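Chain residues, written in single-letter form:
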Amino acid sequence: MVSTQRSVLATVLAVSAAAGTLLAPLPAWAQPSVPTLQVGSGATAAGFEFEGTLEPQQQSVLAAQVPGVLRLLAVKAGDRVKAGQLLARIDERELAAGVAAGDAGVAQAQAALAQARQNAQRTRELRAQGFVAAAALDTAQAQLDAAEAAVAAAQAGRQQAALARGHSSITAPFDGIVRATHAEAGELAAPGKPLLTLYAPGRLRASVMLPLSRAADARGAREVQVLLADGRVLVPQRRTELPGADAMSQTVEWRLDLAPPAATATAAEALMPGQPVRVRFVGAAAAATGALAATAPLSIPAAALLRRGELTAVYAVAEGRFVLKAVRAGAQVAGQVPVLAGLKAGERIAADAVKAGLAGARPAN
């Protein structure tokens, strides 16, 4: 008889929970009992985490080097390009005219040089016969030297014009992916104006800004991990602490070079620049460095976290019942989720968020 009553009440409970209301208060024996756990603080020497961002190890912002109208933008964001491939072209008609003028200047200087050589040769012959003074020979030689210098200057000007014309075509300096374009065809390009950003895929690093108060702890970390949003944990191949600190934010940048992706990696596993990550410094020996102990983020089992659309919450115990409490959580690692905000050490929460959400659910301990 009791078993039949419980079956009926269980059916009523399920229907009532789906409807969002109860027809009447349930007896104590029919209320779901959910185990709870106490949220504890992390060990001070276990490590700490900070938010970071993925960025390319090799990235170039290609800019215009000569003025003119941007006639062609041959790529768009997301395109893969090869080294030497044409990316953009600036109107080169004015630059071509400069090359033509340089050619004409070289021809004119060479003609003047030929005349100066002939004049110098005749003057030497006349001087040998005693028909002209030594000053005349000196003048002819000076004119010859000036003509030779004029040819060299004209040739240099022509080379400069040709080099400027070559800058009207912007090519890829390495194999990569176009991250962004900063101009459109028809716009006026000026020297130094960015046209597009190119980066080399597969060679990424995590960049994280650490407070100066944590710099010594980070240097003493036994291991550094990069935590991805999908739960993967990457160990960087190399870690670099930049030698300078930001005077305004009092932070120092760490760059963690990641290994290239495996050839069998799927599209879902591909990493992209700008992707947020968390950087964990494991086994930071704060006591050994004399620094203040740092509290690691609170961590709870994944089953204790409730995710419904934009809501991320836990069921906290308050006055013998469960109360929904919104939190901000990090990436899940090995079945544990770090809670970045919304909980304090010592609070008691439901170990199973789904069961705690049932109507009439009560803490078991």
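Quantities reported herein were computed from a predicted structural model and do not represent experimental measurements.

What follows is about the pattern of salt bridges. Taken as a whole and judged by the stated rule, the model has 17 salt bridges. Here E51 and R278 are joined by a salt bridge, their closest N and O atoms 3.6 Å apart. With E51 in strand β3 (residues 47-56) and R278 in strand β17 (residues 276-282), this residue pair connects regions lying 227 residues apart in the sequence. Overall, R278 belongs to the buried group, its relative accessible area being 11%. Between E241 and R219 there is a salt bridge; the shortest N-O distance is 2.9 Å. Of this pair, E241 sits in strand β15 (residues 238-246) while R219 sits in helix α4 (residues 215-219), and the two are 22 residues apart along the sequence. With relative accessibility at 25%, the residue E241 sits in the partly exposed group. Connected via shared salt-bridge partners are E49, E51, R278, R280 and R328.

Whenever strands of a sheet pair, they do so through backbone hydrogen bonds, lying parallel or antiparallel. Read across the sheet, four strands follow the order β4-β11-β9-β6 without closing on themselves; strand pairing throughout is antiparallel. Each edge of the sheet is formed by a strand with only one pairing partner; in this case those strands are β4 (59-63) and β6 (80-81). Note: strand β9 (residues 176-181) against strand β11 (residues 194-199), four bridges, orientation antiparallel. Pairing of A180 across the sheet is with T197, part of β11.

On to helix α2 (residues 93-129). Look at α2: 55 Å from first C-alpha to last across 37 residues, which is about the 54 Å you get at 1.5 Å a residue. All of the buried residues in α2 are L95, V99, G102, V106, A109, L113, A116, A120 and T123. Summarising the contacts, the buried residues of α2 are in contact with α3 (134-166).

The next thing to look at is the packing of aromatic side chains. For the structure shown, the criterion picks out two aromatic pairs. Ring geometry for Y315 against F322: centres 6.4 Å apart, planes inclined by 70 degrees, an arrangement best described as edge-to-face. Each member of the pair, Y315 together with F322, is buried.

Here the focus is the nonpolar core. Counting 21 residues, the largest nonpolar core has V75, V81, L87, I90, I170, L196 and L198 as its most contacted members. Secondary structure elements with two or more residues in this core: β5 (68-73), β7 (86-90) and β11. Among the nonpolar cores identified, the runner-up in size contains 19 residues, and A206, V208, L256 and F281 belong to it.

Here the phi dihedral of Q250 falls at roughly 55 degrees; this positive angle occurs in a residue that is not glycine. Secondary-structure assignment places Q250 in the loop between β15 and β16 (251-257). In this model, E319 sits at a positive phi of 55 degrees, which is unusual for a non-glycine residue. Here E319 shows up in the loop between β20 (311-318) and β21 (321-326).

So, on to the packing of α2 against α3. Two numbers describe a pair of packed helices, the interaxial angle and the distance between the axes. At their nearest, the axes of α2 and α3 sit 8 Å apart, and the two run at 165 degrees to each other. It follows that α2 is roughly antiparallel to α3 by the angle criterion. Crossing of α2 against α3: the hand is left-handed.

The next point concerns the confidence of the model for the protein chain. Chain-level pLDDT for the protein chain is 82 on average; 82% of the residues reach the 70-or-more range. The secondary-structure element of the protein chain with the lowest mean pLDDT is helix α5 (residues 286-289), recorded at 39, while β11 shows the highest, at 95. Below a pLDDT of 50 lies the segment residues 285-295, which in the model reaches 16 contacts outside its immediate sequence neighbourhood of four places, other chains included.

Take the environment of E94 next. For E94, the position within the fold is in helix α2. Under the relative-accessibility criterion, E94 is labelled exposed at 69%. For the pair E94 and G68, spaced 26 residues apart in sequence, the C-alpha separation works out to 8.3 Å.

Scoring rules and cut-offs
Position numbers for residues start from 1 in each chain and track the written sequence from start to end. Totals for whole chains, interfaces and linings use every residue, but because this is a predicted model, local features are given only for residues with pLDDT of at least 70 and side-chain atom pairs only at 80 or more, for both listing and counting. Computation of side-chain values covers all heavy atoms of the structure but excludes hydrogens and water. Take a side-chain nitrogen of Lys or Arg and a carboxyl oxygen of Asp or Glu: if they are within 4 Å of each other, that pair is a salt bridge. Numbering of helices and strands runs from the N terminus; a helix is a DSSP stretch of H or I covering at least four residues, while a strand is a stretch of E covering at least two. Burial classes follow relative accessibility: with a 1.4 Å probe on protein chains only, a residue under 20% of its type's maximum area counts as buried, one over 50% as exposed, and anything between as partly exposed. Here a strand pair is declared whenever DSSP counts at least two bridges between the two strands. For a helix, the expected span equals 1.5 Å multiplied by the residue count minus one. Contact between two residues is taken to exist if any of their heavy atoms lie within 4.5 Å; hydrogens are not considered. Note on aromatic pairs: the rings of Phe, Tyr and Trp (six-membered ring only in Trp) are paired at centre separations within 6.5 Å, and the planes decide the class, stacked below 30 degrees, edge-to-face beyond 60, tilted for the rest. By convention a nonpolar core is built from buried Ala, Val, Leu, Ile, Met, Phe, Trp, Tyr and Cys residues, the set being connected through side-chain atoms within 4.5 Å. Orientation is described by axes fitted as lines to C-alpha atoms, over the contacting stretch for helices, and by angles from 0 to 180 degrees between their N-to-C directions. For classification, angles of less than 35 degrees are called roughly parallel, those exceeding 145 degrees roughly antiparallel, those between 65 and 115 degrees roughly perpendicular, and all remaining angles oblique. Crossing chirality is assigned from the near helix's rotation relative to the far helix, an anticlockwise turn below a right angle marking it left-handed and a clockwise turn marking it right-handed. The score called pLDDT rates the predictor's confidence residue by residue, from a low of 0 to a high of 100.

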